[in-house]
Amino acid sequence: METDKKCEDVSNVLGMVLAGSLTEGVRIKLASNVSTEQIKVGTFVSIRGELMRFFGVVTDVSLDSMDSSLTSIPPDVTNPFIHEVVSGTTVYGTLTVEPMLTLGDDKDPTSSLEGPLPAKTVPAHFAEVSIASETDIEFIFGKEDESHFYIGTPLDMETKLCLDVKELVKRSNGVFGKSGTGKTFLTRLLLIGILQNSAAVNLVFDMHSEYGWKGSSEDNKEVKGLKQLFSSKVAVFSLDEESSRRRGLTPDYVAKIGYGEIEPEDIQLLRETMGLSEVAAESSYNLRQRLGPQWLRDFLNLKSEQLLELAQEISVNERALSTLHNRLSRLKRFDFINESDKNDSVKQLLHYLERGMHVVLEFGRYGNSLAAYILVANILTRRIHDRYVYLKDRSSVDGIGEPRPVVITIEEAHKFLTPGIAGQTIFGSIAREMRKYNVTLLVVDQRPSGIDEEVMSQLGTKITCLLDSERDVNSVLSGVSGSRKLRSVLSRLESKQQALAFGDALPMPVVIRTREYGSSESYRELGWKDDRELAQQVKSDVEDLFGPDTS
Amino acid sequence: MDASADNGNRSSDLVGVSKGNYASTISPFGEIVEASTTYLLAQCHRLYAAPSLGDLVRTEEDSTAFSVVADVSTKSIDPSRRPLAMSQGEDTVDDIYNRHPQISRLLSTEISLIVVAHKADGKLFRYLSPVPTKIHAQVSICQFEEVRELTMSLEFLSVLITSSVGSPDDVVAAFLRTASVSHPDPKKFLVDAGKHIAAILAGDVHRLNALLRRIS
Ligand SMILES: Nc1ncnc2c1ncn2[C@@H]1O[C@H](COP(=O)(O)OP(=O)(O)O)[C@@H](O)[C@H]1O
Ligand SMILES: [Mg+2]
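Every value quoted in this text rests on a predicted model; they were computed, and no experiment measured them. (Residues numbered from 1 in each chain as written. Chains lettered and ligands numbered in written order. Predicted model: local features only at pLDDT ≥ 70, side-chain atom pairs only at ≥ 80, totals over all residues. Heavy atoms only, no water.)

## Section: the environment of Pro 75 of chain A
Piece 1. In this structure, Pro 75 of chain A sits in the loop between strand 4 (53-65) and helix 2 (80-86).
Piece 2. For the pair formed by Pro 75 of chain A and Val 86 of chain A, sequence separation is 11 residues and the distance between their alpha carbons is 7.6 Å.
Piece 3. Among residues more than four places away in sequence, those in contact with Pro 75 of chain A are Leu 70, Ile 82 and Val 86 of chain A together with Val 205 and Asn 209 of chain B. (Helix = DSSP H or I, 4+ residues; strand = E, 2+ residues; numbered from the N terminus. Contact = heavy atoms within 4.5 Å.)

Structure follows, in structure tokens:
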């Protein structure tokens with residue numbers, strides 16, 4: 001064992017520290033047997049300093065030579081022997097490593113009592129640099145257990161890298177990446193992590209019906225949803241019962257929204273999506289005042305002559321009002337909106353959440369309509385938040401237990417958190433008030449630059465796949481230390497199933513290959529049992545209770 | 001005469017093995033006639049019975065000095081008398097020596113040696129001994145084992161590279177090629193040695209290229 005470890009260490013040695021600074025990163029000369037082509041940006045390395053160990057990520061790889069004239073008179077590399085000799089000596093590779101953490105003891109990382117601390121200095125000259133070992137990763141990111149969820153593996157390694165779920169659910173979080181990079185798969189894993197840790201309950205606004213029941217992968221293979229893996233802990237609500245049933249799911253509840261539940265502020269949020277002018281959207285407040293709780297139903301039932309009259313009555317521009325009427329009439333196409341004032345979707349939802357059940361709300365065919373998504377998510381979130389504010393305040397007064405923390409997952413998050421409106425929307429306040437009322441967000445988005453800066457800065461943990469544009473990269477990395485260097489890491493992620501993760505749930509930024517999801521092996525690792533195993537389990541449970549069956 | 005057979009193909013020779021005469025018995029082939037801490041001149045006991053360029057040799061007295069053959073020359077014992085051309089018609093070199101056996105006594109073969117290491121109290125030091133070897137010390141060629149032991153580490157290479165005796169690049173190349181076969185992985189030995197040289201010759205790509213080509 002001891003000798004094994006030694007061997008492993010030696011083969012992992014990359015080189016030694018030559019120069020650098022805390023602000024610019026440490027320069028490392030590659031050992032002559034290591035080629036630059038073997039090292040990728042984002043690789044996780046450990047540096048054995050004189051007094052402590054350092055951990056960091058490779059942020060740049062470059063070529064260098066001892067003598068600048070070499071570039072004009074290169075050595076005779078057509079001769080293979082000469083080529084082999086000069087590589088690594090006369091000419092060599094260098095790495096730039098961003099030191100992130102330090103660990104007091106220089107020998108056995110696990111013997112140190114203190115956890116890793118943020119790096120406040122750089123290793124001494126000639127310190128040995130090696131690829132971080134499995135033990136290093138486990139020690140820094142934690143071993144897989146109830147509060148540490150295995151989310152993926154570091155670059156070019158098989159070691160499980162874990163997120164601290166307890167830390168994760170303390171604040172709102174974000175998953176970013178351009179379309180097709182693996183956001184949905186990553187989010188599904190995060191949801192499972194939260195579910196297994198039972199630190200919070202999930203409420204997922206499942207736009208494309210892929211989290212609850214049967215998602216699909218790009219090669220059109222079916223992947224299991226949460227309800228299929230954890231049927232006793234997950235309820236699926238549906239806005240489109242027909243579509244759910246067609247996909248083989250009997251929803252736990254078919255959600256309806258009454259006109260009376262729609263507030264003028266919901267209309268505000270729909271401005272961009274429905275193409276409403278500011279004046280038109282504002283006039284919904286006048287309507288609410290004039291027409292009462294059923295303002296929308298009554299408004300939509302008006303004939304055009306009546307509109308004119310009403311416009312004068314509430315002194316709103318008549319054209320604006322008729323546009324509003326026109327646009328909002330589209331809501332009539334949403335069958336989940338009805339005129340009843342006895343809908344209890346919100347009550348049901350809260351009921352499930354308060355019992356610790358995770359709820360996925362499927363949109364079915366309405367997932368194609370951004371308006372439907374924004375409207376429903378906004379209405380339900382507002383009501384849940386109200387309820388949580390009430391429960392939380394009551395608990396502090398009466399000393400009754402606090403409400404179970406809820407994590408609300410929204411896709412296309414920038415539609416809810418646009419800079420102009422994030423100040424007023426419910427999602428904006430949830431993101432900003434942190435965990436005050438035990439409600440946090442998991443925002444999933446492909447265009448983070450469209451999200452309010454302040455909201456972005458409040459996200460505790462961000463996991464980002466490859467992004468489209470410079471602006472998106474800036475917005476995700478703004479305010480992160482060493483962001484200039486992480487940028488080069490982020491822009492070189494693979495286009496699928498790779499992500500840069502950083503924030504509260506991780507002691508240091510790290511590039512991961514997202515854990516595989518979709519094979520029966522992966523389900524089993526997540527604790528799922530197939531029918532035969534389940535039967536076996538029942539049998540052994542029964543035997544534990546009553547003794548072996550002798551009949 | 002076997003010394004003349006020694007000229008050509010050296011690369012396949014193993015130090016101390018194929019050189020039957022002195023190596024298997026380690027009998028000395030010569031005697032020191034000029035000495036300084038860095039440089040030794042040895043005279044061969046028999047005309048032409050010299051080791052090859054780049055061979056590692058030892059001089060034995062209180063302590064052992066190791067040096068590398070950097071130049072071999074044969075000339076008249078009396079510096080004021082130069083040999084005259086003697087061939088008649090179809091004579092081979094051997095014919096001439098047979099006809100005039102006295103020639104062997106009028107000529108002598110000398111070997112220039114660059115000191116690279118020494119051994120005292122059984123311990124090997126890859127740098128110069130503080131005291132030079134004494135005149136008349138016997139010189140013999142090193143055995144396989146000694147060559148390997150010495151070349152486990154090559155910090156003394158710079159001494160050979162920067163020396164001004166003979167043609168240093170040829171000496172270094174011959175020394176390394178010969179030493180390489182004493183190692184289990186000769187190729188790796190040469191590459192490592194090459195890397196040493198590359199560090200020493202940083203800034204002189206032309207010489208580096210020339211030297212490495214001789215080794216490869
Ligand atoms: N962790 C993963 N395990 C297996 N396949 C993955 C994983 N992450 C991404 N993929 C593959 O990449 C495709 C795109 O992922 P998806 O999450 O749908 O992207 P996004 O939501 O960002 O558009 C998936 O259909 C799947 O084939
Ligand atoms: Mg997706």
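## Observations concerning the nonpolar core
Piece 1. Judged by nonpolar contacts, the single largest core of 143 residues is most densely connected at Phe 205, Phe 299 and Ile 410 of chain A.
Piece 2. Top contributing element to this core by residue count: helix 15 (residues 370-398) of chain A, with 11 residues.
Piece 3. Apart from residues lying up to four places away in sequence, Phe 299 of chain A is in contact with Leu 287, Leu 291, Leu 307, Leu 310, Leu 321, Leu 324, His 325 and Leu 328 of chain A.
Piece 4. Ranked by size, the runner-up nonpolar core spans 38 residues in total, among them Ile 82 of chain A together with Cys 142, Leu 201 and Leu 212 of chain B. (Core = buried A, V, L, I, M, F, W, Y, C linked by side-chain atoms within 4.5 Å. Buried < 20%, exposed > 50% of the residue type's maximum accessible area, 1.4 Å probe, protein only.)

## What about the site of ligand 1?
Residue and element names in this part refer to chain A.
Piece 1. Taken together, 16 residues form the shell around ligand 1, and within it Gly 180, Lys 183, Thr 184, Glu 218 and Arg 515 come nearest.
Piece 2. Gly 180 has a polar backbone atom sitting 2.6 Å from an oxygen atom of ligand 1.
Piece 3. Note that a nitrogen atom of ligand 1 is positioned 3.4 Å from one of the side-chain N or O atoms of Gln 497.
Piece 4. Surface burial for ligand 1 is 87%, taken as the share of its 560 Å² of free accessible area covered by protein chains.
Piece 5. Each residue belonging to the shell around ligand 1 can be placed in one class, and the counts come to two nonpolar, eight polar and six charged. (Near = heavy atom within 4 Å. Polar contact = N/O pair within 3.5 Å; in protein donor to acceptor, adjacent residues only side chain to side chain. Areas by Shrake-Rupley, 256 points an atom, 1.4 Å probe, with all protein chains shown as cover. Nonpolar A, V, L, I, M, F, W, Y, C, P; charged D, E, K, R; others polar.)

## A look at the packing of helix 6 (residues 168-180) of chain B against helix 8 (residues 205-215) of chain B
All names here are of chain B.
Piece 1. The interhelical angle for the contact between helix 6 and helix 8, taken along N-to-C directions, is 35°, at an axis separation of 9 Å. For helix 6 against helix 8, the interelement crossing comes out right-handed. For the pair formed by helix 6 and helix 8, the contact residues are Pro 168, Asp 169, Asp 170, Val 172, Ala 173, Leu 176 and Arg 177 on the first element and Arg 207, Leu 211, Arg 214 and Ile 215 on the second.
Piece 2. Taken together, the residues of the contact of helix 6 with helix 8 break down into six nonpolar, no polar and five charged. (Axes fitted to C-alpha atoms, helices over the stretch in contact; angles between N-to-C directions. Left-handed = near helix turned anticlockwise from the far one by under 90°.)

## Details of the interface of chain A and chain B
Many structure descriptions define interface size as the accessible area lost when the parts assemble.
Piece 1. Taken together, the 17 residues of chain A in the interface contact 18 residues of chain B.
Piece 2. Here chain A packs against chain B, burying approximately 1400 Å² in sum over the two surfaces, 69% of which is carbon and sulfur.
Piece 3. The three residues of chain A that bury the most area against chain B are Phe 81, Glu 84 and Val 85 of chain A, which together make up 37% of that side's buried surface.
Piece 4. Where chain A touches chain B, the interface holds two salt bridges.
Piece 5. One salt bridge connects Lys 187 of chain B with Glu 84 of chain A, and the closest N-O pair in it is separated by 3.1 Å.
Piece 6. In this assembly, chain A and chain B are joined by seven residue pairs in polar contact (both at pLDDT 80 or more).
Piece 7. Grouping the constituent residues of the side of chain A that touches chain B by class yields nine nonpolar, five polar and three charged. (Buried area = accessible area lost by both parts, 1.4 Å probe. Salt bridge = Lys/Arg side-chain N within 4 Å of Asp/Glu carboxyl O.)

## A word on helix 3 (residues 134-141) of chain A
Residues and elements named next belong to chain A.
Piece 1. What helix 3 keeps buried is the set Asp 136, Ile 137, Ile 140 and Phe 141. For helix 3, the angular spread of buried residues about the axis comes to 100°, placing them on one side.
Piece 2. Elements in contact with the buried residues of helix 3: strand 3 (44-48), strand 4, strand 5 (91-103), strand 8 (148-154), strand 9 (161-164) and strand 23 (510-514).
Piece 3. Just downstream of helix 3 lies Gly 142, where phi reads positive at about 95°. (Arc of directions from axis to C-beta.)

## Structural notes on the environment of Ser 180 of chain B
Residue and element names in this part refer to chain B.
Piece 1. Looking at the element boundaries, Ser 180 is found in helix 6.
Piece 2. For Ser 180, a relative accessible area of 5% translates into the label buried.
Piece 3. With 29 residues separating them in the primary sequence, Ser 180 and Thr 151 have C-alpha atoms 8.6 Å apart.
Piece 4. Excluding residues within four positions of it along the chain, Ser 180 makes contact with Pro 186, Phe 189 and Leu 190.

## Comments concerning the side chain of Arg 515 of chain A
All names here are of chain A.
Piece 1. With respect to the element layout, Arg 515 can be found in the loop between strand 23 and helix 20 (520-525).
Piece 2. A polar contact of 2.8 Å, which involves the side chain of Arg 515, links it to the backbone oxygen of Tyr 150.
Piece 3. Excluding residues within four positions of it along the chain, Arg 515 makes contact with Glu 144, Phe 149, Tyr 150, Ile 151, Gly 152, Leu 189, Gln 497, Glu 525 and Leu 526.

## So, unusual backbone geometry
What you tend to see is this: most non-glycine residues have negative phi, and most peptide bonds are trans.
Piece 1. Located in the positive-phi region is Ser 198 of chain A, a residue other than glycine, with phi close to 45°.
Piece 2. The exposure class assigned to Ser 198 of chain A is exposed, which follows from its relative accessible area of 52%.
Piece 3. The backbone phi angle of Asp 121 of chain B is positive, close to 50°, even though this residue is not glycine.
Piece 4. Structurally, Asp 121 of chain B can be placed in the loop between strand 5 (107-120) and strand 6 (123-125).

## Description of the sheet that holds strand 20 (residues 439-445) of chain A
Residues and elements named next belong to chain A.
Piece 1. The 12 strands lie next to each other as 9-8-23-22-21-10-20-19-11-18-14-15, forming an open sheet whose pairing is mixed. The two strands at the open ends of the sheet, each matched to only one other strand, are strand 9 and strand 15 (253-254).
Piece 2. Against the sheet, helix 15 engages strand 11 (201-206), strand 18 (358-362), strand 19 (406-411) and strand 20, with an angle of about 160° to strand 11. (Pairing = 2+ DSSP bridges.)

## Brief notes about the environment of Leu 117 of chain A
Residue and element names in this part refer to chain A.
Piece 1. With respect to the helices and strands, Leu 117 occurs in strand 6 (residues 117-118).
Piece 2. What makes Leu 117 partly exposed here is its relative accessible area of 42%.
Piece 3. What Leu 117 contacts, discounting residues up to four positions off in sequence, is Met 100, Leu 101 and Thr 102.

## What to know about helix 7 (residues 186-200) of chain B
In an α-helix, one turn spans 3.6 residues; hence positions three or four apart end up facing the same way.
Piece 1. Under the 1.5 Å per step criterion, the end-to-end length of helix 7 of chain B is 21 Å for 15 residues, consistent within 8% with the ideal 21 Å.
Piece 2. Of all the positions in helix 7 of chain B, only Phe 189, Leu 190, Val 191, Ala 193, Gly 194, Lys 195, Ile 197 and Ala 198 of chain B are classed as buried.
Piece 3. Tucked inside the fold, the buried residues of helix 7 of chain B contact helix 2 of chain A together with helix 5 (157-162), helix 6 and helix 8 of chain B. (Expected span 1.5 Å × (residues − 1).)

## Structural notes on the packing of aromatic side chains
Residue and element names in this part refer to chain A.
Piece 1. All chains considered together, the criterion is met by 16 aromatic pairs over all chains.
Piece 2. Ring centres 4.8 Å apart and planes at 80° place the aromatic pair Phe 336 and Tyr 366 in the edge-to-face group. Residue Phe 336 is located in the loop between helix 13 (318-328) and strand 17 (337-338), and its partner Tyr 366 is located in the loop between strand 18 and helix 15; the two are separated by 30 residues in the primary sequence.
Piece 3. Phe 336 gets classed as buried once you look at its relative accessible area, which sits at 1%.
Piece 4. What makes Tyr 366 buried here is its relative accessible area of 5%.
Piece 5. Of the aromatic side chains, those joined through ring pairs into one cluster are Phe 185, Tyr 517, Tyr 523 and Trp 528.
Piece 6. When the ring centre of Tyr 92 is taken as reference, the NZ or CZ atom of Lys 29 above it lies at 4.8 Å.
Piece 7. For the cation-ring pair, Arg 355 lies above Tyr 352, with the distance from its terminal atom to the ring centre recorded as 5.1 Å. (Phe/Tyr/Trp six-rings, centres within 6.5 Å; stacked < 30°, edge-to-face > 60°. Lys NZ or Arg CZ within 6 Å of the ring centre and 35° of its normal.)

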